[in-house]
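Listed below are the residues making up each chain.
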Amino acid sequence: MISLIVPADIRGAEKPFVVRLTAEASHVNDAVLRQTDPDTLLVTYGRTRARLNGSDTSQYAGDVVLLDPERAIMHRLIRAKSRHNTFVVTERCDQLCVMCSQPPKKTHFDNFEHFEKASQLAPTNAVLGFSGGEPTLYKDQLFGLLERVHDARPDLRFHVLTNGQHFTDADIQFFSSPAGRKVQWGVPLYAADRALHDSIVGKIGAFERLQTGLAILGRSGAQIELRTVLTRMNSEVLTELAHFIARFVPFAAPWAIMQLERIGFAKNRWNELFFDNSVAFDRLAEAIDIARVSDIPVLLYNFPLCTVPPAYRALAPATISDWKNKFLPECDGCKLRTSCSGFFEWHSDQAYLRLERQ
Ligand code: SF4
């Protein structure tokens with residue numbers, strides 16, 4: 001597991017600030033990173049000195065970090081070598097999904113200023129994620145940030161994970177703007193049945209609100225990635241969901257069916273929620289086929305390749321973020337490993353009944 005938060009002894013600054021770590025400063029926000037002894041790395045920025053444990057500057061080179069003297073940490077907001085950089089906009093949420101990987105909190109820490117600065121220092125052509133909690137609880141700030149960052153860095157693209165509960169017709173202007181066109185909206189939809197969807201997300205009326213939100217996104221021509229986390233609660237109704245998407249949300253692409261992450265609420269309800277696709281893929285296959293016949297592209301996120309029948313493996317890219325990704329001893333020598341999602345760091349090694357190295 002790669003740590004995103006690194007202990008740091010920071011002197012010469014009182015408030016948190018964002019810098020990019022480089023060997024030689026060429027920008028006003030560049031801090032110099034070097035090694036001072038075999039076990040210590042030093043970050044210098046003006047009068048500020050931050051000492052970290054480490055023996056290799058290359059592990060942080062090019063990273064955009066938040067140096068926080070109050071918490072004595074360096075938060076790696078953007079890792080230069082990673083495709084998986086996501087800002088947690090807030091931990092507040094107005095839903096309470098049964099399998100939420102990051103259970104919501106009531107408090108909110110406003111880090112928009114830091115996220116905006118970090119975005120402007122991102123590597124060329126990066127894709128930056130915004131998630132939560134529910135980021136659109138702070139919709140005006142989020143849209144404002146995206147507009148300003150797009151003005152300064154038109155090369156960047158964005159992915160915003162949202163429950164789709166808070167969009168109104170007034171947002172069409174943003175969705176249709178040059179900045180809005182750079183956003184892909186990741187929107188969860190768990191069932192075609194409103195009662196089931198509402199019970200999975202823990203909010204009465206959520207399905208109804210979501211249909212309005214999706215319609216607004218669709219009318220704007222926004223890029224939508226529909227997301228369905230697979231659980232025992234919806235595994236039997238995926239074909240109905242496929243028909244529903246083909247009929248009512250045909251403008252969404254792709255439809256991402258996602259395996260469960262054993263953390264947050266799902267950790268304590270794992271046996272109740274985890275659906276083992278390695279021994280029962282038929283309903284999934286049927287749903288995928290229905291969607292594809294209707295020209296809805298389908299992707300399988302977080303599925304170990306050997307748990308997917310060969311005919312469907314091309315739909316399962318390696319999607320687990322590098323910082324929380326692991327492989328099992330069984331994976332040693334597997335010829336699929338370079339293109340396989342593998343497992344979440346916190347996955348139960350006994351979860352899949354059939355797991356065979358290829
Ligand atoms: S054995 Fe491991 S690397 Fe190979 S396909 Fe299965 S999960 Fe992926």
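Quantities reported herein were computed from a predicted structural model and do not represent experimental measurements. Each chain carries its own residue numbering, running from 1 in the written order of its sequence. Residue-level local features of this predicted model are given only where pLDDT is at least 70; pairs of side-chain atoms are given and counted only at 80 or more, and the full residue set underlies all totals for whole chains, interfaces and linings. Side-chain calculation: all heavy atoms of the structure are included, whereas hydrogens and water are not.

Novice: How would you explain the overall build of the protein if you had to name every residue and give the values?
Specialist: When helices and strands are tallied, the protein shows nine helices and 17 strands. Using C-alpha atoms as the atom set, the radius of gyration is obtained and then compared with a globule rule of 2.2 Å times the number of residues to the power 0.38. Here the C-alpha radius of gyration of the protein, 21 Å, is about what a compact globule of 358 residues would show, namely 21 Å. Each principal axis of the C-alpha atoms in the protein carries an extent, and together these give about 60 × 55 × 35 Å. Relative accessibility decides the category of a residue: with a 1.4 Å probe and only protein chains considered, values under 20% of the type maximum give buried, values over 50% give exposed, and everything between is partly exposed. Burial status across the protein gives 51% buried among its 358 residues. Whether two residues are in contact is decided by their heavy atoms, any of which lying within 4.5 Å being enough. Here the analysis covers contacts within the protein between residues at least 6 apart in sequence; of these, 67% occur between residues at least 24 apart. Each accessible area value is a Shrake-Rupley result obtained with a 1.4 Å probe; residue values ignore everything except the protein chains displayed when judging cover. Approximately 16,600 Å² of the protein is accessible, and the part contributed by carbon and sulfur atoms is 50%. Within this scheme the basic residues Lys and Arg register as positive and the acidic residues Asp and Glu register as negative, but His and the chain ends are omitted. By convention, the charge on Lys lies at NZ, on Arg at CZ, on Asp at CG and on Glu at CD. One way to put it: in the protein the 41 positive side-chain charges average out to a point 2 Å from where the 41 negative ones average out. Helix and strand definitions follow DSSP, with helices as H or I runs of at least four residues and strands as E runs of at least two, each counted in order from the N terminus.

Novice: Pulling in residues and values, what's your account of helix α1 (residues 112-120)?
Specialist: Inspection of α1 places F112, H114, F115, E116, A118 and S119 among the buried residues, and these make up the whole buried set. Buried residues belonging to α1 abut β3 (17-22), β7 (64-68), β8 (73-78), β9 (85-88), β10 (127-131) and α2 (139-152).

Novice: Tell me what's going on with the sheet that holds β8, and back it up with residues and numbers.
Specialist: Strands belonging to one sheet form pairs held by backbone hydrogen bonds; the direction of such a pair is parallel or antiparallel. Spatially, β1-β8-β7-β3-β4-β5-β6-β2 is the arrangement adopted by the eight strands of the open sheet, whose pairing is mixed. Sheet topology places β1 (5-7) and β2 (9-11) at the edges, where each strand pairs with a single neighbour. Averaged over neighbouring strand pairs, the angle between their axes works out to 30 degrees when direction is ignored. Angular values range over 0 to 180 degrees, each being the angle between N-to-C directions of two axes fitted as lines to C-alpha atoms, with helices fitted over their stretch in contact. In the packing of α1 onto the sheet, the strands contacted are β3, β7 and β8, and the crossing angle to β8 comes to about 55 degrees. What makes two strands pair is DSSP finding at least two bridges between them.

Novice: Describe the domain arrangement of the protein, and please don't skip the residues or the numbers.
Specialist: Parsing the protein into structural domains produces domain 1 (5-78) and domain 2 (85-344). Opposite the 10 residues of domain 1 that make contact, domain 2 presents 11 residues. The buried area of a pairing is the accessible area, by a 1.4 Å probe, that goes missing from both parts when the two are put together, added over both. Taking both sides of the interface into account, the surface hidden between domain 1 and domain 2 amounts to around 910 Å²; carbon and sulfur atoms contribute 73%. In what follows, salt bridge is the name for a side-chain nitrogen of Lys or Arg lying within 4 Å of a carboxyl oxygen of Asp or Glu. Linking domain 1 with domain 2 are zero salt bridges. Any N or O atom pair separated by 3.5 Å or less is treated as a polar contact, with the protein-specific requirement of one donor-capable and one acceptor-capable atom, and with residues adjacent in sequence counted only for side-chain atom pairs. Here domain 1 and domain 2 share one residue pair in polar contact (both at pLDDT 80 or more) between them. Counting residues per element, the ones that place at least two in the side of domain 1 that touches domain 2 are β3, β7 and β8. At three residues, β3 tops the list of elements feeding residues into the side of domain 1 that touches domain 2. Considering only residue class, the side of domain 1 that touches domain 2 consists of seven nonpolar, two polar and one charged. Marked domain ranges trace back to an automatic or database domain assignment. Each residue is assigned to one of three groups, with Ala, Val, Leu, Ile, Met, Phe, Trp, Tyr, Cys and Pro labelled nonpolar, Asp, Glu, Lys and Arg labelled charged, and all others, Gly among them, labelled polar.

Novice: If you had to explain the sheet that holds strand β14 (residues 255-258) to someone new, which residues and values would you point to?
Specialist: The strand order across the open sheet formed by seven strands is β9-β10-β11-β12-β13-β14-β15, and the pairing between neighbours is parallel. Single-partner strands in this sheet number two, and they are β9 and β15 (298-301). Each neighbouring strand pair of the sheet contributes to a mean axis angle of 25 degrees, computed without reference to strand direction. When strand β11 (residues 157-161) meets strand β12 (residues 183-188), the two strands line up parallel, connected through four bridges.

Novice: Tell me what's going on with the nonpolar core, and back it up with residues and numbers.
Specialist: Counting residues in each nonpolar core, the largest one holds 70 residues, and the members touching the most others are F130, W185, W255 and L300. Top element by residues in this core is helix α9 (residues 282-293). It accounts for six residues. Once residues lying within four places of it in the same chain are set aside, the contact partners of W185 are F143, V160, T162, F167, F174, F175, G180, L217, A222, Q223, I224 and E225. Only buried Ala, Val, Leu, Ile, Met, Phe, Trp, Tyr and Cys residues count toward a nonpolar core, and they belong to the same one when joined by side-chain atoms within 4.5 Å. Counting 24 residues, the second-largest nonpolar core is a separate cluster that includes A191, V201, L328 and Y352.

Novice: Account for empty space enclosed by the protein, with residues named and values stated.
Specialist: With a 1 Å grid laid over protein atoms only, a set of points is called a cavity when a 1.4 Å probe fits there but cannot get out and a pocket when it is open yet has protein on both sides within 12 Å along at least five of seven lines; lining residues have an atom within 4 Å of a point. Grid points are joined across faces, edges and corners, and a volume is the space filled by probe spheres set on the points. This model, assessed by the stated rule, comprises two cavities of 30 Å³ or more. Volume-wise, the largest cavity comes out at about 110 Å³. Lining the largest cavity are 14 residues, with C306, C331, C334, C340 and R357 positioned closest to its centre. Of the residues belonging to the lining of the largest cavity, the class tally is 10 nonpolar, no polar and four charged. The space that makes up the second largest cavity amounts to roughly 40 Å³. Q259, L260, N302, P304, I320, G342, F343, F344, H347 and Y352 are the residues that line the second largest cavity.

Novice: Describe in detail a negative patch on the surface, supporting the description with residues and values.
Specialist: On the surface, E240, D282, E286 and D289 cluster together to form a negatively charged patch. By the secondary structure assignment, E286 is in helix α9. To count toward a patch, a residue needs a relative accessible area above 30% and no salt bridge. Like charges then connect within 9 Å, nonpolar side chains (Val, Leu, Ile, Met, Phe, Trp, Tyr) within 5 Å.

Novice: Help me get a handle on the site of the ligand, residues and values and all.
Specialist: If even one non-hydrogen atom of a residue comes within 4 Å of a molecule or strand, that residue is called near it. Close to the ligand lie P304, L305, C306, F327, C331, C334, L336, R337, C340, F343, L355 and R357. Its atoms largely coinciding with the cavity grid, the ligand occupies the largest cavity. Each molecule is assigned to a cavity or pocket provided more than half of its atoms lie within 2 Å of the corresponding grid points.

Novice: I'd like a rundown of the packing of α1 against α2, residues and numbers included.
Specialist: Put simply, α1 and α2 touch, their axes get as near as 10 Å, and they point 20 degrees apart. By the angle between their directions, the pair α1 and α2 is classed as roughly parallel. Here α1 and α2 pass one another in a crossing that is right-handed. Contacts between α1 and α2 involve F112, F115, E116, S119 and Q120 on the former and, on the latter, Q141, L142, L145, R148, V149 and A152. Classifying every residue of the contact of α1 with α2 gives six nonpolar, three polar and two charged. If an angle is under 35 degrees, it is roughly parallel; if it is over 145, roughly antiparallel; if it lies from 65 to 115, roughly perpendicular; otherwise it is oblique. The hand of a helix crossing depends on one turn: near helix anticlockwise from the far one by less than a right angle means left-handed, and clockwise means right-handed.

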